[in-house]
Amino acid sequence: MCTMISKTIPIKGSAKESEGWFDINTINISYDHPFKADLGYAINLDIPNQSSDKFSRIILELSPQSASTLIEGLQQVLASGHALDSHSGDSSQKRGLH
Amino acid sequence: MYTTDMYESMIAETVTISGYNNDNILAYFARPLHTKPRGSMILIHHLPGWDEWYKEVTRKFAYHGYLAICPNLYHREGHGDPVDIASKVRSDGGIADDQAMADVQGSYNFLQNLPYMDSKVGVFGTCSGGRHAFLAACTLQGISAAVDLWGGGITQNNNSQEPWYSKQPVAPIEYTKDLSCPLLGLFGQEDASPSPEQVSAHEQELKTHGKDYEFHMYPDAGHGFFYYDRPVYRQAQAVDGWKKVFAFLDKTLG
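Residues numbered from 1 in each chain as written. Chains lettered and ligands numbered in written order. Predicted model: local features only at pLDDT ≥ 70, side-chain atom pairs only at ≥ 80, totals over all residues. Heavy atoms only, no water.

### Some details on the environment of arginine 90 of chain B
Logical step 1: Along the polypeptide, arginine 90 of chain B turns up in helix α2 (residues 82-91).
Logical step 2: In this structure arginine 90 of chain B comes out as buried when scored by relative accessible area, which is 3%.
Logical step 3: Distance from arginine 90 of chain B to glycine 129 of chain B, taken between C-alpha atoms, is 14 Å for residues 39 residues apart in sequence.
Logical step 4: Separated by 3.4 Å, the side chains of arginine 90 of chain B and serine 30 of chain A make a polar contact. (Helix = DSSP H or I, 4+ residues; strand = E, 2+ residues; numbered from the N terminus. Buried < 20%, exposed > 50% of the residue type's maximum accessible area, 1.4 Å probe, protein only. Polar contact = N/O pair within 3.5 Å; in protein donor to acceptor, adjacent residues only side chain to side chain.)

### Quick look at the sheet that holds strand β2 (residues 20-32) of chain A
Paired through backbone hydrogen bonds, the strands of a sheet run either parallel or antiparallel to each other.
Logical step 1: Sheet architecture is open: four strands sit in the order β1-β2-β3-β4 (chain A), paired in antiparallel fashion. In this open sheet, the two edge strands, each paired with only one partner strand, are β1 (6-17) and β4 (57-62) of chain A. Each adjacent strand pair in this sheet contributes to an overall mean axis angle of 25°, direction not counted.
Logical step 2: Contacts from helix α1 (residues 64-88) of chain A reach β2, β3 (42-48) and β4 of chain A, with the element oriented near 110° to β4 of chain A.
Logical step 3: Sitting on the sheet, α2 of chain B is in contact with β1, β2, β3 and β4 of chain A, with an inclination near 75° to β4 of chain A. (Pairing = 2+ DSSP bridges. Axes fitted to C-alpha atoms, helices over the stretch in contact; angles between N-to-C directions. Contact = heavy atoms within 4.5 Å.)

### With respect to the interface of chain B and chain A
Many analyses report the size of an interface as the accessible area lost when the parts associate.
Logical step 1: On the side of chain A, 21 residues touch chain B, which itself brings 32 residues to the contact.
Logical step 2: In total, about 2200 Å² of surface goes out of reach between chain B and chain A, with carbon and sulfur atoms giving 59% of it.
Logical step 3: Between chain B and chain A we count one salt bridge in total.
Logical step 4: Applying the counting criterion to the chain B and chain A interface returns 10 residue pairs in polar contact (both at pLDDT 80 or more).
Logical step 5: When residues of the side of chain B that touches chain A are traced back to their parent elements, those giving at least two are α2 and α4 (128-139) of chain B.
Logical step 6: Here the residues of the side of chain B that touches chain A are counted per class, giving 10 nonpolar, 14 polar and eight charged. (Buried area = accessible area lost by both parts, 1.4 Å probe. Salt bridge = Lys/Arg side-chain N within 4 Å of Asp/Glu carboxyl O. Nonpolar A, V, L, I, M, F, W, Y, C, P; charged D, E, K, R; others polar.)

### Considering the side chain of asparagine 44 of chain A
All names here are of chain A.
Logical step 1: Tracing the backbone through its elements, the reader meets asparagine 44 in strand β3.
Logical step 2: Taking relative accessible area as the criterion, asparagine 44 reaches 3% and is therefore assigned buried.
Logical step 3: A distance of 3.3 Å separates a polar atom in the side chain of asparagine 44 from the backbone oxygen of alanine 42.

### Describing the pairing of strand β5 (residues 121-126) of chain B
One face of the sheet, then the other: side chains in a regular strand alternate in exactly this way.
Residues and elements named next belong to chain B.
Logical step 1: For β5, the buried fraction is high: six of the six residues fall into the buried class.
Logical step 2: Residues of β5 alternate between two faces, with Val121, Val123 and Gly125 on one and Gly122, Phe124 and Thr126 on the opposite face, all of them buried.
Logical step 3: Relative to β5, strand β3 (residues 39-44) is paired through five bridges, and the arrangement is parallel. When the sheet's bridge partners are listed, isoleucine 42 is paired in β5 with valine 123.

### Looking at the sheet that holds β3 of chain B
Residues and elements named next belong to chain B.
Logical step 1: Strand order across the open sheet formed by eight strands is β1-β2-β4-β3-β5-β6-β7-β8, with mixed pairing between neighbours. Only two strands of the sheet have a single neighbouring strand rather than two, namely β1 (10-18) and β8 (213-218). Going across the sheet, the axis of each strand differs from the next one's by a mean of 20°, ignoring polarity.
Logical step 2: Alignment of strand β6 (residues 143-149) against strand β7 (residues 183-188), held across four bridges, turns out to be parallel. The partner of alanine 146 across the bridge, within β7, is leucine 183.

### A closer look at the domain arrangement of chain A
Residue and element names in this part refer to chain A.
Logical step 1: Domain boundaries assigned for chain A yield domain 1 (1-62) and domain 2 (64-98).
Logical step 2: Facing five residues of domain 1, the contacting portion of domain 2 comprises six residues.
Logical step 3: In this assembly, domain 1 packs against domain 2 so that about 450 Å² is buried in total across both faces, 76% of it on carbon and sulfur atoms.
Logical step 4: A per-residue breakdown of the area domain 1 buries against domain 2 is headed by Lys12, Ile43 and Leu62, which together make up 77% of the total.
Logical step 5: Our count for the contact surface shared by domain 1 and domain 2 stands at zero salt bridges.
Logical step 6: Between the two partners, domain 1 and domain 2, sit zero residue pairs in polar contact (both at pLDDT 80 or more).
Logical step 7: Among the residues forming the side of domain 1 that touches domain 2, the class breakdown is four nonpolar, no polar and one charged. (Domains from an automatic or database assignment.)

In structure tokens form, the structure reads like this:
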């Protein structure tokens, strides 16, 4: 851990690995050296399967530019989703998607 | 110097040592069998964990005539793929400096208890292990040489607002006055942690305290330029770097 830049964020959802789906409740984010990607530094996303005792997890290593692009894409899709919810009178809160 | 008519032999195996809190942890230990060891090395692995590269480097030191031991600093986190365990460790803010130093001390004690032990002990580490190697050279007794390869985080401590602040509460640079042995540092000019500016700050502190050190800053190299299994590998710099490592140990450990 060379940069000391990391953060753990509570989230809610599901993820899939080779052995099947698992519930996720945290994501660990760091700006640090990647394990695999051809980058000096990466935005590393670590999503652990906390119901497993086998250290199974999903790891993403993104270039900082890719991470920014992903954030923009997420915001655009979220905005569209919110607009759809308000138009239909439904909300993500009602469906528990928060 | 090696010649092709030499007989060579070594043994490399997993051993158990007593580390922090008297915990039994695994370590990888390699030693030459055909010759009296010329020195001993404790290898402190990097953030990616107790992985194949570090096992290879442990054997490399044995090939060069050293007793070499590499403790698994992530032993307490459980066992599995080194990357998965390392990712968990990073998410937890790394391991505590006190714990790492006690595990290095346990490795030192293991070496001292060997019936054929009769040599000086050095420490070697890369990435977070480079930081730990410097810490060991400043805070443990009996270390005769330290090799810090691109150790990040030497000039700063953890953000006190972070929950894992207590794991690394003191910036290693603050221990510089206590450095008890010669230090070799190899760094890449394109690295951001440690950046050239951070390396310069550390070098200034070493000068201020009149320490015996040797720093080399490689152009066209970033973080981890020895790692042949990663895109960051820089062949010419790595070959030269290894020569500097063994020349330094030849001078300091014999």
